[in-house]
Amino acid sequence: MSKDKKQEVVEAPDASDKISRKQFEKELRNLQVELTRLQTWVKDKGARVIVVFEGRDTAGKGGVISRITARTSPRIFRHIALPAPSDRQKTQVYIQRYIAQFPAAGEIILFDRSWYNRAGVERVMGFCTDEEYEKFLKMVPLVEQEMIVNNGIILLKYFLDVSQEEQQRRFEARINDPMKHWKLSPMDTESVRRWWDYTAAYQRMIEATHTPWAPWHIVPADNKRRARLNLIRHLLDSIPYKKVHEALPKIPKVQPRPKNVTEGLRAGQPIPSHY
């Protein structure tokens, strides 16, 4: 791969190099403050942003997205995780249902998996033909250049990567935790058996679609806390936003209580106080 075609690595720390929860929460809060400033700038300037999150199963895509959206407005930061295509959508141009989710002015779209499904799970599991796959790899760089970047939309693409051992450990943790059972599916766990098939597919995908106008940013994710902080920091550093002054409202003086109105609600049934 040529020098200008190499994918960017956000950071590759030793996974055993732990970061404390206290330190993580402190750094995360600072980044979340910056995310609110970014959203104010996006709304003020009418900017449009697309962030693509791809990666191996259990790599932490949902976790980092939840940290990004925890303190931001869902009207500006829109989390998109499309289900399997309907029978009608299967007859459309492949990328069509994703285009329908592209941002309007003042929006940041977070794609939790994206059109790159075709080069990942669809390729490995045989859900597309060889012809459809090869056509996709040729088409995507042009679509991203002409339909996204050249139209003034900021595009960031992240690939979260975990080691084979860490992926297996996380799947075992999901099996042992009832609150994570919803994350398990035969399609996901099949990625354990097909580790090397996915490796080859992702290598080809990134080599074919890593371009100067839409580069891939690789996020080593064996250490979840570091991966989340590094990715959010990189996202903020990649967008030329500035702090926008907000005219914050003042809390008005409360009106006097009318004589015929009492405190509390007179109708309705209170819920039991278990706690």
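Residues numbered from 1 in each chain as written. Predicted model: local features only at pLDDT ≥ 70, side-chain atom pairs only at ≥ 80, totals over all residues. Heavy atoms only, no water.

**What to know about the pattern of salt bridges**
Quick reminder of the rule: Any carboxyl oxygen of Asp or Glu that lies within 4 Å of a side-chain nitrogen of Lys or Arg is treated as forming a salt bridge with it. We count a stretch as a helix when DSSP gives it H or I for four or more residues in a row; a strand needs E for two or more, and each element gets its number in order from the N terminus. Each residue is placed in one exposure class: buried if its accessible area under a 1.4 Å probe, protein chains only, is under 20% of its type's maximum, exposed if it is over 50%, and partly exposed if it falls in between.
The full count for this structure, using the stated rule, is 17 salt bridges. Note that Glu122 is salt-bridged to Arg118, the shortest N-O span being 2.9 Å. The closest approach of N and O atoms between Glu166 and Arg169, which form a salt bridge, is 2.8 Å. A residue pair is termed a helical-turn pair when its members lie 3 or 4 positions apart in one helix, as Glu166 and Arg169 do in helix H6 (residues 164-176) at 3 residues. Since its relative accessible area comes to 12%, Glu166 is described here as buried.

**A few points about the nonpolar core**
Grouped burial of nonpolar side chains is what soluble globular proteins tend to show. Put simply, the test is: Take the buried residues of types Ala, Val, Leu, Ile, Met, Phe, Trp, Tyr and Cys, join any two whose side-chain atoms come within 4.5 Å, and each joined set is a nonpolar core. Here, two residues are considered to be in contact whenever any of their heavy atoms come within 4.5 Å of each other.
Grouped together as the largest cluster of nonpolar side chains are 35 residues, with contacts concentrated most on Leu38, Val51, Phe53, Ile68, Ile108 and Leu160. With 7 residues, helix H1 (residues 21-45) is the largest single contributor of residues to this core. In this structure, Phe53 is in contact with Lys61, Val64, Ile65, Ile68, Leu110, Phe111, Asp112, Arg113, Tyr158, Leu160 and Leu231, ignoring residues within four places of it in sequence.

**Here's the deal with the environment of Tyr133**
One can find Tyr133 in helix H5 (residues 130-148). Once you skip the residues sitting within four places of it in the chain, Tyr133 turns out to touch Arg118, Ala119, Arg123, Cys128 and Arg204.

**Examining H1**
Inclusion rule: A helix's residues, less one, multiplied by 1.5 Å, set its expected span.
Given a rise of 1.5 Å per residue, 25 residues ought to cover 36 Å, and the 35 Å separating the end C-alpha atoms of H1 matches this to within 8%. In this structure, the buried side of H1 is in contact with strand S2 (48-55), helix H2 (61-69), strand S3 (77-80), strand S4 (107-112) and helix H9 (224-238). Gly46 lies just past H1 and shows a positive phi near 70°.

**Some words on helix H7 (residues 186-193)**
We count it as follows: To obtain the arc, one takes the directions from the helix axis to the C-beta atoms.
Listed in full, the buried residues belonging to H7 are Asp188, Glu190 and Ser191. Buried residues along H7 cover an arc of 155° about the axis, so they all sit on one side. Exposed residues lying more than 90 degrees from the buried face of H7 are Pro186 and Arg193. In this structure, the buried residues of H7 make contact with helix H4 (121-125), H6 and helix H8 (195-209).

**Structural notes on the packing of H5 against H8**
Note the cut-off: Inter-axis angles, ranging from 0 to 180 degrees, are taken between N-to-C directions of lines fitted to C-alpha atoms, where helices are fitted over the stretch in contact. With respect to orientation, any angle under 35 degrees is reported as roughly parallel, any angle over 145 as roughly antiparallel, any angle of 65 to 115 as roughly perpendicular, and every other angle as oblique. By definition, any crossing whose near helix is turned counterclockwise from its far helix by less than a right angle is left-handed, and any crossing with a clockwise turn is right-handed.
The N-to-C vectors of H5 and H8 enclose an angle of 40°; their axes lie 9 Å apart at closest approach. Classified by the angle their axes make, H5 and H8 are oblique. As for the relative orientation of H5 and H8, their crossing is right-handed in sense. Two secondary-structure elements touch here, H5 through Tyr133, Glu134, Leu137, Val140, Pro141 and Glu144 and H8 through Arg204, Met205, Ala208 and Thr209.

**Notes on the pairing of strand S6 (residues 216-220)**
We apply this condition: Two strands qualify as a pair provided that DSSP identifies no fewer than 2 bridges between them.
Most of S6 is tucked away: 4 of the 5 residues are buried. Where strand S5 (residues 154-161) and S6 come together, 5 bridges link them in parallel fashion. Residue pairing for S6: Lys157 is matched across the bridge by Trp216.

**Brief notes about unusual backbone geometry**
The phi dihedral of Thr58 is positive, around 75°, even though this residue is not glycine. Along the chain, Thr58 turns up in the loop between S2 and H2. A residue is classified by how much of its surface remains accessible, and Thr58, at 4% relative accessible area, is buried. Look at Arg113: it is not a glycine, yet its phi comes out positive at around 70°. Its place among the elements puts Arg113 in the loop between S4 and H4. Arg113 gets classed as partly exposed once you look at its relative accessible area, which sits at 22%.

**Topic: the packing of aromatic side chains**
This is how the line gets drawn: For Phe, Tyr and Trp, rings pair up if their centres lie within 6.5 Å, where Trp contributes its six-membered ring, and each pair is then called stacked (planes under 30 degrees apart), edge-to-face (over 60) or tilted (otherwise). In this scheme, Lys NZ or Arg CZ marks a charge over a ring once it lies within 6 Å of the ring centre and within 35 degrees of the ring normal.
Enumeration over the complete set of coordinates arrives at 15 aromatic pairs. Arranged with centres 6.2 Å apart and planes meeting at 50°, the rings of Tyr94 and Tyr98 form a pair that is tilted. Of the two residues, Tyr94 and Tyr98, neither departs from the other in class, the shared state being buried. Here a set of aromatic residues connected by ring pairs shows up, and it is made of Tyr94, Tyr98, Phe102, Phe111, Trp115, Tyr116, Phe136, Phe159, Tyr198, Tyr202 and Trp216. For Arg56, the ring lying beneath its charged end belongs to Trp195, and the centroid distance is 3.6 Å. One residue, Arg123, lies across the ring of Tyr133, its end atom 4.0 Å from the ring centre.

**Description of the confidence of the model for the chain**
Filter applied, for reference: Scored between 0 and 100, pLDDT is the confidence that the predictor attaches to each residue.
Within the chain, residue pLDDT values average 92, and 94% of them lie at 70 or more. The model gives residues 1-6 a pLDDT under 50, and that stretch makes 8 contacts with residues more than four places away or in other chains. In this model residues 10-16 is a low-confidence stretch, pLDDT under 50, and it forms 11 contacts with partners more than four residues away in sequence or in other chains.

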